[in-house]
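# Understanding the architecture of this molecule
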Amino acid sequence: MAFRCQRDSYAREFTTTVVSCSPAELQIEGSAGKKEVLSGFHVVLEDTLLFPEGGGQPDDRGTINGVSVLRVTRRGPQADHFTQTALTPGSQVQVRVDWERRFDHMQQHSGQHLITAVADHLFGLKTTSWELGRLRSTIELDSPSVSAEQAAAIEQSVNEKIRDRLPVHVRELSLEDPEVEQVRGRGLPDDHTGPIRVITIQGVDSNMCCGTHVSNLSDLQVIKILGTEKGKKNKTNLIFLAGNRVLSWMERSHGTEKALTALLKCGAEDHVEAVRKLQNSTKLLQKNNLNLLRDLAVHIAHSLRNSPDWGGVVVLHRKEADSEFMNIIANEIGSEETLLFLTVGDEKGAGLFLLAGPAEAVEILGPRVAEVLEGKGAGKKGRFQGKATKMSRRAEVRALLQDYVSAQSAEE
């Protein structure tokens, strides 16, 4: 038997009974990309309004008696609802779906069916898989390439069918029904039980599917194909938006256009050319700046050789520079008589460092310098360089290097 969400994708709330509630855990994406494990319960209902993930479609969100459902997964003929609050088996509960998320998924999924059917009909482009993403959806086509003209023709055709207000029907067929052989599909899950659910766009397509769909193509509003990109194993990914996602995309694009118009002080039709001129100007400035920085590095290197600290520890910090700047100085000095400690970046925050000098000393001191600066690095042949997070501890590094030099002098 299909779930209530599959029998009536437009239903937003209903009452059902809790069948069971058992302890469970849910792994989620936490802060800084780290995995977190939540403790809670798997709640099974007699029927559900919340779609469990499947068929390329993510699961629904919603509530059971006001308790948030954080995940819905299918387990054979039933759906597990993960909550962090226990619910009493046998009790009557009110289930509500997050309608905005549900309707978005309906639009994208029905949009995928329509695009898949039209791409096959017009150009023989077969769909091998699809993904309903958070911001955009992707259809994987079994072709090494799809031309811009083909994508435009598909987009025009699907939007014509939306304007024709073609109805979308949901039917259930038994496995023995001969009509099953005429229905497009990519196979059934190993644990599938019961009848086969078929989604039919009148006069366009019939396809086996477990997802939630619109009842008429007019509910898709519009479909926009954003383009294509190279897929896996000689396939092509077609990227699209359907319904409200097109409106959101247009709003974001219009906001960007207004911001660029204000920044570039020209109309939208001139944005590309204005940015191209800025890029060329920036490249020239960067080239001139690099040449000046190199000349400055050479000048500084010669000054350091005349420093009263020469033969001991020579230290230099510059806020605005890079690793090439430090290496030019080290190359120009080219001495193994002195410990040269160079740093660039924020004086109290993060930056880059380079330690140069006698190979044996650098090999010993390099890792210790990185440790003091709370960074990491690597080196060879008299140089050790890397990234640091605590440039404020440069004075400690200088003391460390001077102590080493003093100890070496005492031994001699």
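Conventions used here
- Residues numbered from 1 in each chain as written.
- Predicted model: local features only at pLDDT ≥ 70, side-chain atom pairs only at ≥ 80, totals over all residues.
- Heavy atoms only, no water.
- Helix = DSSP H or I, 4+ residues; strand = E, 2+ residues; numbered from the N terminus.
- Rg over C-alpha atoms; globule rule 2.2 N^0.38 Å.
- Buried < 20%, exposed > 50% of the residue type's maximum accessible area, 1.4 Å probe, protein only.
- Contact = heavy atoms within 4.5 Å.
- Pairing = 2+ DSSP bridges.
- Axes fitted to C-alpha atoms, helices over the stretch in contact; angles between N-to-C directions.

### Re the overall build of the protein chain
Summing up its helical and strand segments, the protein chain has eight helices and 19 strands in all. For 412 residues, the compact-globule estimate of 2.2 N^0.38 gives 22 Å, and the C-alpha radius of gyration of the protein chain, at 32 Å, exceeds that figure by more than 25%. Taken along its principal axes, the extent of the C-alpha atoms in the protein chain is 95 × 55 × 40 Å. Here the protein chain holds 412 residues, and 41% of them are scored as buried. Contacts in the protein chain between residues at least 24 apart in sequence constitute 64% of all its contacts with a sequence separation of at least 6.

### What to know about the sheet that holds strand 6 (residues 78-83)
Strand order in the open sheet formed by seven strands is 4-3-7-1-2-6-5, and the pairing between neighbours is antiparallel. The open sheet has two edge strands with one neighbour each: strand 4 (67-69) and strand 5 (71-75). Sheet twist, expressed as the mean angle between neighbouring strand axes with direction ignored, is 35°.

### Structural notes on the side chain of N159
Mapped onto the fold, N159 is located in helix 3 (residues 148-163). Residues in contact with N159, not counting those within four places in the same chain, are V222 and I223.

### Re the sheet that holds strand 12 (residues 205-208)
A sheet is described by the order of its strands in space; here three strands give the open sequence 10-11-12, paired in antiparallel fashion. Where the open sheet ends on each side, the last strands, each with one partner, are strand 10 (168-173) and strand 12. Put simply, the sheet's adjacent strands are angled 25° from each other on average, direction ignored. Looking at chain direction, strand 10 and strand 11 (residues 196-201) are connected through six bridges and run antiparallel. Its bridge partner lying in strand 11, V168 is registered against I201.

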